[in-house]
Amino acid sequence: MSDPGDGRSPQPRPLPTFLADGLAGRKSAVQADLAVDEVTHVRAARIRPGDRLAVADGAGRRWEGELIELGRRGARCRLLRALPARPPLPVCVWAPVANRDRSLWLVEKVVEFGVSEVTWIEWERSRSVGDAGRSESFRQRAARRARAALKQSGGSWLPRLLGPVSLKQALAGHEGAGWLADRGGSPFFAGGTALEVAPVRSGSLLAVAVGPEGGLTAEERRRCEAAGFELISLGPGTLRFETAAVAAVALAAAVIRDTEGMT
């Protein structure tokens, strides 16, 4: 790797990440099997026995390992040392039941930020959508997309993927702070200063809610405000739901990591 040119030492290249089950309670020098669907990824990444890699279980545990066996139907590594794991971002995304491909893109991007949960909401104007968020096939696709995003980003936690649920059910089960992306809300930045937002209590999640493509009804907006959600404007333009979700999560990540010292 070339010198960055500013006097700093070049950063080592991150180890490629693969998923492994059963890492709880493991110690160094112990062997661990990679998940059964990782063999193709290992081969595509040109990892050979003796090469180093990172393994994660999606539940906070992350190790540096050495590949020791690669077969047609399985791969095994030796655990060398535990790696520091980034804490999950205490954010749950309330995404609308909507277009399948754009919903999967949303999952991919918010998992890269490390969100704790994605819940699909049946907004009033989501009811005409035929599939995404409701079928078992979609849920399986979303889980696979989340796993791929975790590996790509070097994260440690897979989010819970929940729903679909009604807005009433979602509000009843949520106890933390909330943001609702809405063009009529307060600008997040005003006069160069970020909007004051309610702190995320320990053990709770900030719900970041995004409505469907047809927009929210006045009653849905009222119910969210009554539940303590703050209306946040992401700008004057009309954003697609997946763009709004990723933008709001990025803002939440910046605020939470700044106020709570997360890295």
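None of these values were measured; they are calculated from a predicted model.

Caption draft 1: Focus on the environment of arginine 76. Along the chain, arginine 76 turns up in strand β5 (residues 75-82). In sequence terms arginine 76 and aspartate 33 are 43 residues apart; their C-alpha atoms lie 4.4 Å from each other. Sequence-distant contacts of arginine 76, that is, excluding residues within four places in its chain, are made with Gln31, Ala32, Asp33, Glu66, Leu67, Ile68 and Glu69.

Caption draft 2: Focus on helix α2 (residues 100-113). Between its terminal C-alpha atoms α2 stretches 21 Å, which fits the 20 Å expected from 14 residues at 1.5 Å a residue. Where α2 is concerned, the buried positions are Ser103, Leu104, Leu106, Val107, Glu108, Val110 and Val111.

Caption draft 3: Representation of the sheet that holds strand β9 (residues 178-187) within the structure. As summarised here, the arrangement of the 6 strands in space is β8-β7-β6-β12-β9-β13, forming an open sheet in which the pairing is parallel. Each edge of the open sheet is held by one strand with a lone partner, namely β8 (160-166) and β13 (229-233). Strand-to-strand twist across the sheet, computed as the mean angle between neighbouring axes with direction ignored, equals 35°. Lying over the sheet, α2 contacts β6 (89-96) and β7 (115-122), oriented at roughly 155° with respect to β7. Helix α3 (residues 136-153) contacts β7 and β8 of the sheet and is inclined by roughly 145° relative to β8.

Caption draft 4: Up close: the nonpolar core. The biggest cluster of nonpolar side chains holds 39 residues, and the ones touching the most others in it are Val91, Val93, Val110, Val115, Trp120 and Leu206. Looking at this core, the elements with two or more residues in it are β6, α2, β7, α3, β9, β12 (206-209) and α6 (241-260). Here this core takes 10 residues from α6, the largest share from any one element. In this structure valine 93 touches Leu106, Val110, Val115, Glu117, Val118, Thr119, Val208, Ala245 and Val249, once residues within four positions along its chain are discounted. Core analysis: the next-biggest nonpolar cluster, separate from the first, contains 15 residues, Cys92, Leu167, Ala170 and Leu231 among them.

Caption draft 5: Region of the structure containing unusual backbone geometry. Residue proline 164 follows glycine 163 across a cis peptide bond; omega there is 5°. Within the fold, proline 164 resides in strand β8.

Caption draft 6: Representation of the sheet that holds strand β1 (residues 17-19). The strand order across the open sheet built from 5 strands is β1-β3-β4-β5-β2, with neighbouring strands paired in mixed fashion. Looking along the sheet, the strands with just one partner apiece sit at the ends: β1 and β2 (31-33). Averaged over all neighbouring strand pairs, the angle between strand axes comes to 45°, with direction disregarded. The sheet contact formed by β1 and strand β3 (residues 52-56) spans 3 bridges and is parallel.

Caption draft 7: A look at the pairing of β9. Where β9 meets β12, 3 bridges bridge the pair, whose relative direction is parallel. Paired with glycine 178 across the bridge in β12 is alanine 207. As judged from the 6 bridges shared by β9 and β13, these two strands associate in the parallel manner. Pairing of serine 186 across the sheet is with isoleucine 232, part of β13.

Calculation notes
- Residues numbered from 1 in each chain as written.
- Predicted model: local features only at pLDDT ≥ 70, side-chain atom pairs only at ≥ 80, totals over all residues.
- Heavy atoms only, no water.
- Helix = DSSP H or I, 4+ residues; strand = E, 2+ residues; numbered from the N terminus.
- Contact = heavy atoms within 4.5 Å.
- Expected span 1.5 Å × (residues − 1).
- Buried < 20%, exposed > 50% of the residue type's maximum accessible area, 1.4 Å probe, protein only.
- Pairing = 2+ DSSP bridges.
- Axes fitted to C-alpha atoms, helices over the stretch in contact; angles between N-to-C directions.
- Core = buried A, V, L, I, M, F, W, Y, C linked by side-chain atoms within 4.5 Å.

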